[in-house]
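Given next are the chains, with one letter for each unit.
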Amino acid sequence: CKGGWKEYSESQVLQMAGRAGRPQFCDRATVVIMTEESKKRFYERLIDGTQLMESSLQKHLHQHLNAEIIFGTIKTVEEAVSWLKSSFLFVRMKKNPARFRQNFDALNDLARVELITLCNDGQEIIGTSSGRLMSRYYLAFETMDNFSSLEGNESILQILVKISECKE
């Protein structure tokens, strides 16, 4: 926020609090959270583990999945499914399916934009140079999808318009 303040996300607060009192470094710790009186109970429940948390992986699933493919962690559809099943998102999807009711077709989306290639009847996954660019420069899937419509004969103005449409 320019000229203002913004609350830390639940996961950021928990990560910072988790760094306090790690057994390998000390035997006790204190976490101080300064907040408004109206948010005090929320933070108390968050720290003691009774505040419900939701995953936000679905907001950037394409980027994370692409990065795992480029890194070589995921090479097959089976490994992609296993990776998703090991996530907090999957845990929350099972507990609250109505909240996450959407089509998780990220692999096909990545292939459509030529960030990955699906081989052997769609079972093997290979990253492409465009996928490597997306991962290396932290580009959003929407940006790569937008750029995929470029044909190579655009004017400088048309390219600048595409760039201005990027989230980054």
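Residues numbered from 1 in each chain as written. Predicted model: local features only at pLDDT ≥ 70, side-chain atom pairs only at ≥ 80, totals over all residues. Heavy atoms only, no water.

**A short note on the nonpolar core**
Then comes step 1: If you look at the biggest cluster of nonpolar residues, it comprises 19 residues, and the most contacted ones within it are Leu 65 and Ile 69.
Then comes step 2: Those residues in contact with Ile 69, other than ones at most four positions away along the chain, are Ile 74, Leu 107, Leu 110, Ile 116, Ile 125, Ile 126 and Gly 127. (Core = buried A, V, L, I, M, F, W, Y, C linked by side-chain atoms within 4.5 Å. Buried < 20%, exposed > 50% of the residue type's maximum accessible area, 1.4 Å probe, protein only. Contact = heavy atoms within 4.5 Å.)

**Thoughts on the packing of helix H3 (residues 61-71) against helix H4 (residues 77-85)**
Then comes step 1: Packing of H3 against H4 leaves a shortest axis separation of 11 Å and a crossing angle of 125 degrees. Classified by the angle their axes make, H3 and H4 are oblique. Read as a crossing pair, H3 and H4 show a hand that is right-handed. Across from Leu 61, His 64, Leu 65 and Glu 68 in H3, the residues of H4 making contact are Ala 80, Trp 83 and Leu 84.
Then comes step 2: Considered class by class, the residues forming the contact of H3 with H4 number 5 nonpolar, 1 polar and 1 charged. (Axes fitted to C-alpha atoms, helices over the stretch in contact; angles between N-to-C directions. Helix = DSSP H or I, 4+ residues; strand = E, 2+ residues; numbered from the N terminus. Parallel < 35°, antiparallel > 145°, perpendicular 65-115°, else oblique. Left-handed = near helix turned anticlockwise from the far one by under 90°. Nonpolar A, V, L, I, M, F, W, Y, C, P; charged D, E, K, R; others polar.)

**Some words on a nonpolar patch on the surface**
Then comes step 1: Nonpolar side chains collect at one region of the surface, where Ile 156, Ile 159, Leu 160 and Ile 163 lie side by side and expose about 380 Å² of accessible area between them.
Then comes step 2: Inspection of the secondary structure puts Leu 160 in helix H9 (residues 156-164). (Patch = residues over 30% accessible without salt bridge, like charges linked within 9 Å, V, L, I, M, F, W, Y side chains within 5 Å. Areas by Shrake-Rupley, 256 points an atom, 1.4 Å probe, with all protein chains shown as cover. Salt bridge = Lys/Arg side-chain N within 4 Å of Asp/Glu carboxyl O.)

**Some thoughts on the pairing of strand E1 (residues 116-119)**
Then comes step 1: Strand direction decides the pairing type here: E1 and strand E2 (residues 124-127), joined by 4 bridges, are antiparallel. Note that in E2 the partner of Thr 117 across the bridge is Ile 126.
Then comes step 2: Linking two consecutive strands that pair antiparallel, namely E1 and E2, is a turn of 4 residues; a positive phi of about 50 degrees is found at Asn 120 within it. (Pairing = 2+ DSSP bridges.)

**Thoughts on unusual backbone geometry**
Then comes step 1: A positive phi angle is found at Glu 114, which is not glycine, with a value near 65 degrees.
Then comes step 2: If you trace the backbone, Glu 114 turns up in the loop between helix H6 (106-112) and E1.
Then comes step 3: Exposure remark for Glu 114: the relative accessible area of 58% places this residue in the exposed category.
Then comes step 4: Even without a glycine there, the phi angle at Tyr 138 is positive, about 55 degrees.

**Focus on the packing of helix H1 (residues 10-18) against helix H2 (residues 40-48)**
Then comes step 1: In the contact formed by H1 and H2, the axes pass within 10 Å of each other and the chain directions differ by 60 degrees. Between H1 and H2, the interaxial angle falls into the category oblique. For the pair H1 and H2, the crossing hand works out as right-handed. Listed contacts from H2 to Glu 10, Val 13, Leu 14 and Ala 17 of H1 are Phe 42, Tyr 43, Leu 46 and Ile 47.

**Regarding the side chain of Lys 162**
Then comes step 1: You can see Lys 162 is positioned in helix H9.
Then comes step 2: The charged side chain of Lys 162 is buried without a salt bridge, its nearest counter-charge being Glu 165 at 4.4 Å.
Then comes step 3: Only 2.8 Å separates the side chain of Lys 162 from the side chain of Ser 149, close enough to count as a polar contact. (Lys, Arg positive; Asp, Glu negative; His and termini not counted. Polar contact = N/O pair within 3.5 Å; in protein donor to acceptor, adjacent residues only side chain to side chain.)

**Some remarks on the environment of Thr 143**
Then comes step 1: Relative to the assigned elements, Thr 143 resides in helix H8 (residues 141-147).
Then comes step 2: For the pair Thr 143 and Ser 82, spaced 61 residues apart in sequence, the C-alpha to C-alpha distance is 27 Å.
Then comes step 3: Leave out the neighbours within four places in its chain, and Thr 143 touches Cys 166, Lys 167 and Glu 168.
Then comes step 4: For Thr 143, the side chain forms a polar contact with the side chain of Glu 168, separated by 2.6 Å.

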